[in-house]
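Chain and residue survey
Listed below, chain by chain, are the residues.
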Amino acid sequence: MWEQERGGADGAEDRREGSRRGRRESGGRGGRRAEGREGREDRPELPPQSPEEQARAICLRLLTGMPRTRRQLADALAKRDIPDEVSEQVLSRFEEVGLIDDAAFAGAWVESRHRGRGLARRALAQELRTKGVAPTLVQEALEQLDSDQEEETARELVERKLRATRGLERDKRIRRLAGMLARKGYPEGMALRVVRRALEAEGEDAEDLTI
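Scope of this entry: the structure provided in the associated data block. (Residues numbered from 1 in each chain as written. Predicted model: local features only at pLDDT ≥ 70, side-chain atom pairs only at ≥ 80, totals over all residues. Heavy atoms only, no water.)

This part takes up the packing of aromatic side chains. Scanning the model with the defined rule gives one aromatic pair in all. Ring geometry for F105 versus W109: centroids 5.7 Å apart, planes at 15°, classification stacked. Of this pair, F105 and W109 both sit in helix α6 (residues 102-117), separated by four residues, roughly a single helical turn. A relative accessible area of 9% places F105 in the buried class. (Phe/Tyr/Trp six-rings, centres within 6.5 Å; stacked < 30°, edge-to-face > 60°. Helix = DSSP H or I, 4+ residues; strand = E, 2+ residues; numbered from the N terminus. Buried < 20%, exposed > 50% of the residue type's maximum accessible area, 1.4 Å probe, protein only.)

Glancing now at α6. The terminal C-alpha atoms of α6 lie 21 Å apart, and with 16 residues this matches the ideal 22 Å at 1.5 Å per residue to within 8%. Those residues of α6 not exposed but buried are D102, F105, A106, G107, W109, V110 and H114. Where α6 is buried, its residues contact α4 (70-79), α7 (121-130), α8 (135-142) and α9 (147-165). The N-cap residue of α6 is D101: its side-chain oxygen and the backbone nitrogen of A103 are 3.2 Å apart. Immediately downstream of α6, the backbone of G118 shows phi near 70°, a positive value. (Expected span 1.5 Å × (residues − 1). Contact = heavy atoms within 4.5 Å. Polar contact = N/O pair within 3.5 Å; in protein donor to acceptor, adjacent residues only side chain to side chain.)

Next up on the list: the nonpolar core. Core analysis: the largest hydrophobic core is formed by 17 residues, its most contacted members being V158, L181, Y186 and V195. Among the secondary structure elements, those contributing two or more residues to this core are α9, α10 (170-183) and α11 (188-201). It is α11 that provides the largest number of residues to this core, a total of six residues. Not counting chain neighbours up to four residues away, the residues in contact with L181 comprise A154, L157, V158, Y186, A191, V194 and V195. (Core = buried A, V, L, I, M, F, W, Y, C linked by side-chain atoms within 4.5 Å.)

As structure tokens, this is what we get:
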């Protein structure tokens, strides 16, 4: 009985020693790590991107977040030192396949900014010009807003702001309301007309209204 137990223990010890010896010979875990590092070092490096590939990647990444004008993309490529001739080639190709469409950009911009921020045509035109949209495309986009719609939006803006000005002196109310419309690009004549009607509806005397 004792001999059997001892024999079993000796056998287990022999197996553990053999296992340790095998790991030492093969380098053990460190050997596997070294082998892994060597395998990674042996991998061929990817060739550097050409300027055309870099330009396409930059444009696609920017267009994924939101629509952009051709000017905006050209400025982004210039900041990354993409040669002008490469930039022109890539941007022209993007226009051909419809990834760049300044006319559609301008139309969507006018609709969203007028509806969401209440901006008038003058302010919208300025924003589109700063984004590099051509004057003809700016004019076409602004044609979707007529004077009646612009004035209706101005009235809605004044109505929302009117309550916050109650209790102020008349002249201060006028300056605050008309100034708000002016900052959004509304012409002075339209701004005064809309503010006067709003104050008259509240019982204010607004005949001699001026800014």
